[in-house]
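Chain by chain, the residues:
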Amino acid sequence: MAKRYWGFWRVPLIVAVVALGGGTAAWAVLSPTGGDELSGASGVLTAGFPGQMPAPADPAAPTVRLQPEAFALAEEPAVDCDKVNCVALTFDDGPGEYGDALLDLLAEKNARATFFYLGPPTITHAEMVNRAAADGHAIGSHAARHVQMTEQGPAGACENAATGGQAIEAIGLPAPVLLRPPYGAINGAIVAACPQWSFVLWNVDTMDWSTKDAVQIMERVRLDTKPGSIILMHETVEAELTAVPLAIDWLRANGFVLVTVPELFGGQAPAGERVYGGPAPTVPEVTPGQATVPVIAGSRLPPDTGEVPAAAG
Ligand SMILES: [Zn+2]
């Protein structure tokens, strides 16, 4: 039960520990950027913390009890996606063999993302999924069975979604509201049949599952990302371990701020709707593509055949 509220406890507890432990030195450890920028200040506290409660220095010391209701997330500077160019990295098909390495990379970059986990491996990789949540990432469901929901009919699709969500609940996390339909296969009848879900699609498809190549993943990010974009990636593609840190650096160099999908929508993605991206801010504007694209050794772009790639998801 405690893990359910861990996400709400974490930030105020860190602040309290810093305050009790004597201030700026501890703060500096937790906040290597010094909190001098909006994205850094937000990302550091959540993604940079290892996700474990610090052990008390003296077990005999009196316990300081903190009530989670007494601390709002106001302690953490919120990213206002109406004012900055937010973008959300999303990872499907996990949890799997590259999951922990990916979480390590995101932690090193103080970047948060959104994970859409399949039901059965969520149970077998419960520790990884709980770590992702503790690291500050948003957790959504990728359903229980990786099938086209449009082939299941509304009732079957809703059951598939519900079963996937129950797996996340079963390991002690809050019931998810974000659903990434496998292959993006969704229709209005399914949305109407189970409107408690926010059906999160995407407007940047890295095609990573097809190319399995970091430089081609980067090309899609570079060419297609706009303010408010939701970028589709897959935790199961090894090339993402090369592409993700480069993509993060490139996005930040081009004025984007990495947020979770709920943050794209001011804290909660709309339920009963299909969303492809968040709202774009009016100010400040950037022109993506200004910063240098990283060079990735051992890869090269394929010839442009003009063919339309197959659907992902
Ligand atoms: Zn998938």
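Keep in mind it's a predicted model, so treat the numbers as computed, not measured.

The rules behind these values
Residues numbered from 1 in each chain as written. Predicted model: local features only at pLDDT ≥ 70, side-chain atom pairs only at ≥ 80, totals over all residues. Buried ≥ 20, exposed ≤ 12 C-beta atoms within 10 Å, placed from the backbone. Helix = DSSP H or I, 4+ residues; strand = E, 2+ residues; numbered from the N terminus. Pairing = 2+ DSSP bridges. Core = buried A, V, L, I, M, F, W, Y, C linked by C-beta atoms within 7 Å. Contact = placed C-beta atoms within 7 Å. Arc of directions from axis to C-beta. pLDDT = per-residue confidence, 0-100. Axes fitted to C-alpha atoms, helices over the stretch in contact; angles between N-to-C directions. Parallel < 35°, antiparallel > 145°, perpendicular 65-115°, else oblique. Left-handed = near helix turned anticlockwise from the far one by under 90°. Nonpolar A, V, L, I, M, F, W, Y, C, P; charged D, E, K, R; others polar. Expected span 1.5 Å × (residues − 1).

So, about the pairing of strand β7 (residues 230-234). Taken across its five residues, β7 has five buried, putting it largely inside the fold. Where strand β1 (residues 85-94) meets β7, five bridges bridge the pair, whose relative direction is parallel. Bridge assignment links Phe-91 to a residue of β7, and that residue is Met-233. Pairing of strand β6 (residues 204-205) with β7, which is carried by two bridges, proceeds in the parallel orientation. Within the sheet, the bridge partner assigned to Val-204 lies in β7 and is Ile-231.

This part takes up the nonpolar core. Counting residues in each nonpolar core, the largest one holds 66 residues, and the members touching the most others are Ile-139, Ile-231 and Leu-258. Ranked by the residues each element gives to this core, the list is headed by helix α11 (residues 240-253), at six residues. Beyond its immediate chain neighbours, meaning those up to four positions away, Ile-231 contacts Val-87, Ala-88, Leu-89, Thr-90, Trp-202, Val-204, Thr-206, Val-221 and Thr-225.

It is worth spelling out helix α4 (residues 99-108) at this point. Residues of α4 that are buried: Gly-99, Leu-102, Leu-103, Leu-106 and Ala-107. The buried residues of α4 occupy one face: seen down the axis, they fall within an arc of 140°. Along α4, exposed side chains directed more than 90 degrees from the buried face belong to Asp-104 and Glu-108. One or two positions beyond α4, positive phi appears at Asn-110, with a value near 55°.

For the protein chain, mean pLDDT is 77; residues scoring 70 or higher make up 65% of the total. Residue range residues 61-75 is modelled with pLDDT below 50. Its contacts to residues more than four positions away, or to other chains, number 14 contacts. For residues 297-304, every residue scores under 50 in pLDDT, and the model assigns this stretch eight contacts once sequence neighbours within four places are set aside.

Turning to unusual backbone geometry, a few remarks are in order. Glycine aside, residues mostly have negative phi, and peptide bonds are mostly found in the trans state. The amide bond that connects Gly-94 to the next residue, Pro-95, takes the cis arrangement and shows omega of 0°. Its place among the elements puts Pro-95 in the loop between β1 and α4. Although it is not a glycine, Lys-212 sits at a positive phi angle of roughly 50°. Mapped onto the secondary structure, Lys-212 falls in the loop between α9 (208-211) and α10 (214-224). Given 14 C-beta atoms within a 10 Å radius, Lys-212 is considered partly exposed.

Let's shift gears to the packing of α10 against α11. Direction vectors running N to C along α10 and α11 enclose 30°, while the axes themselves pass 9 Å from each other. The angle between α10 and α11 falls in the class roughly parallel. In this structure, α10 crosses over α11, and the sense of that crossing is right-handed. Every residue of α11 that contacts α10 at Ala-214, Ile-217, Met-218, Val-221 and Arg-222 is listed here: Glu-240, Thr-242, Ala-243, Leu-246, Ala-247 and Trp-250. Within the contact of α10 with α11, the residues separate by chemical class into eight nonpolar, one polar and two charged.

Once that is clear, we can look at the packing of α4 against α11. Running from amino to carboxyl end, α4 crosses α11 at an angle of 15°, the nearest separation of the two axes being 10 Å. As the angle between them shows, α4 and α11 are arranged roughly parallel. Crossing angle aside, the handedness with which α4 passes α11 is right-handed. For the pair α4 and α11, the contacting residues are Ala-101, Leu-102 and Leu-105 in the first and Glu-240, Leu-241, Val-244 and Pro-245 in the second. A class-by-class count of the residues in the contact of α4 with α11 yields six nonpolar, no polar and one charged.

This part takes up α11. Taking 1.5 Å of rise per residue, 14 residues should cover 20 Å, and α11 covers 19 Å from first to last C-alpha, within 8% of that figure. Listed in full, the buried residues belonging to α11 are Glu-240, Thr-242, Ala-243, Val-244, Ala-247, Ile-248, Trp-250 and Leu-251. Close packing links the buried residues of α11 with β1, α4, α9, α10, β7 and β8 (256-258).

Of the two faces of strand β3 (residues 138-141), the one lined by Ala-138 and Gly-140 and the one lined by Ile-139 and Ser-141 are each fully buried. The pairing of strand β2 (residues 114-117) with β3 spans four bridges and is parallel. Following the sheet pairing, Phe-115 is matched in β3 by Ile-139.

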